[in-house]
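Take a look at the letters that make up each chain.
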Amino acid sequence: MQNAEIKISEIFYSIQGEGLLAGRPSVFIRLAGCPLRCKFCDTAYAVDSKAGTMMAVEKIVKQIKRYKTDYIVITGGEPMISPNLSGLCKALRNYHITIETAGVKFVPGLKCDLMSISPKLSNAYKNKADRNRYLKIGSLQKLIRNYDYQLKFVIEKEKDIREAEQILKKLKNVGHSKIMLMPQAKTFSEYLKKSFLVARLCRKYGFAFSPRLQIMLWNNKRGK
Ligand code: SF4
């Protein structure tokens, strides 16, 4: 798609901090706009759809070529609501693409190598009704069925696991090895404190621990 544009919040080169590809040098393309308003959101500057600037897909690809990696992470905001996500993924077809999403929408036919899905639990919301509003079991099921994936749950307390398990029960054919738990934290001290709880829960329930290297290394500094 020649001259197509997409709304960008920021592009930066860093290390993937979470999930199965943690530790991999990756270019992050952060798209602007997200319908959710999570209490623990660490990218509040990207949730407002007016926050970003339009950028030509061609220019994005050119910029990415500078970096020494084949790994791209399309993140947000919520990438799945961004018009022309398909065009961006198509233009980046020679790279390994991870899309980070809350799983609120299914977009068919995306070139995506890893769908990194993080369905939000009640601990994300001030208003509990928002949990049900944004929990789209149909979309989650289609994402799992159509893409290679990982499911990451943000955990604050042990009761969050029971809520995650209720969601998992509604989904068919979820691989146990695809499920990861991450400590809910915005700062290094919170991360350290909650990591021990999450590690204990991982042993108890047999789920994998996902680190959050961006907090460990850079205390969540923007662009790192
Ligand atoms: S889904 Fe992600 S980007 Fe959107 S508000 Fe929640 S944490 Fe922030």
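Everything numeric here is computed off the predicted structure, so don't read it as measured data.

Draft legend 1. Quick look at the nonpolar core. Counting 49 residues, the largest nonpolar core has Ile29, Ile74, Leu92, Ile99, Leu110, Met115 and Phe153 as the members making the most contacts within it. Here Ile99 is in contact with Ile74, Pro79, Met80, Leu85, Cys89, Leu110, Cys112, Leu114, Met115 and Ser116, once residues within four sequence places are set aside. With twelve residues, the next largest nonpolar core counts Cys34, Cys38, Val104 and Ala124 among its residues.

Draft legend 2. Structural detail: the packing of aromatic side chains. With the rule as written, the count across this model stands at four aromatic pairs. An angle of 50° between the planes, with centres 6.2 Å apart, marks the rings of Phe106 and Tyr147 as tilted. Residue Phe106 is located in the loop between strand S5 (96-101) and strand S6 (114-117), and its partner Tyr147 is located in the loop between helix H4 (137-146) and strand S7 (149-155); the two are separated by 41 residues in the primary sequence. According to the relative accessible area criterion, Tyr147 is buried, its value standing at 9%. Measuring from ring centre to ring centre gives 6.3 Å for Tyr125 and Tyr134, while their planes differ by 20°; the resulting arrangement is stacked. Classification of Tyr134 as buried rests on a relative accessible area of 15%. Note that Lys178 overlies the ring of Tyr149, its terminal NZ or CZ placed 5.2 Å from the centroid. Here Arg222 stacks its cationic end above the ring of Tyr45, 3.6 Å away from the centre of that ring.

Draft legend 3. Focus on the pairing of strand S1 (residues 5-15). Across four bridges, S1 lies against strand S3 (residues 53-56) in antiparallel orientation. Bridge pairing in S3 places Ile6 opposite Met55. Summarising the sheet, S1 and strand S2 (residues 25-31) pair through seven bridges and their orientation is antiparallel. Paired with Ser14 across the two strands is Ser26, which belongs to S2.

Draft legend 4. Region of the structure containing the pairing of S6. Where burial is concerned, the two faces of S6 agree: the one with Leu114 and Ser116 and the one with Met115 and Ile117 are both buried. Across four bridges, the pairing between S5 and S6 is parallel. The partner of Glu100 across the bridge, within S6, is Ser116.

Draft legend 5. Up close: the sheet that holds S1. Read from one edge of the open sheet, nine strands run S3-S1-S2-S4-S5-S6-S7-S8-S9, paired in mixed fashion. The open sheet has two free edges, formed respectively by S3 and strand S9 (208-209), since each of these has just one partner strand. Together, S1, S2, S3 and strand S4 (71-75) form the strand contacts of helix H1 (residues 57-64), whose direction differs from that of S3 by roughly 75°.

Draft legend 6. Representation of unusual backbone geometry within the structure. Note the cis peptide between Gly76 and Gly77, where omega equals 10°. Locating Gly77 in the fold gives a position in the loop between S4 and helix H2 (85-91). Even without glycine at this site, Asn173 takes up a positive phi of about 60°. In this model, Asn219 sits at a positive phi of 50°, which is unusual for a non-glycine residue. Note on placement: Asn219 falls in the segment after helix H7 (213-218).

Cut-offs used in this document
Residues numbered from 1 in each chain as written. Predicted model: local features only at pLDDT ≥ 70, side-chain atom pairs only at ≥ 80, totals over all residues. Heavy atoms only, no water. Core = buried A, V, L, I, M, F, W, Y, C linked by side-chain atoms within 4.5 Å. Buried < 20%, exposed > 50% of the residue type's maximum accessible area, 1.4 Å probe, protein only. Contact = heavy atoms within 4.5 Å. Phe/Tyr/Trp six-rings, centres within 6.5 Å; stacked < 30°, edge-to-face > 60°. Helix = DSSP H or I, 4+ residues; strand = E, 2+ residues; numbered from the N terminus. Lys NZ or Arg CZ within 6 Å of the ring centre and 35° of its normal. Pairing = 2+ DSSP bridges. Axes fitted to C-alpha atoms, helices over the stretch in contact; angles between N-to-C directions.

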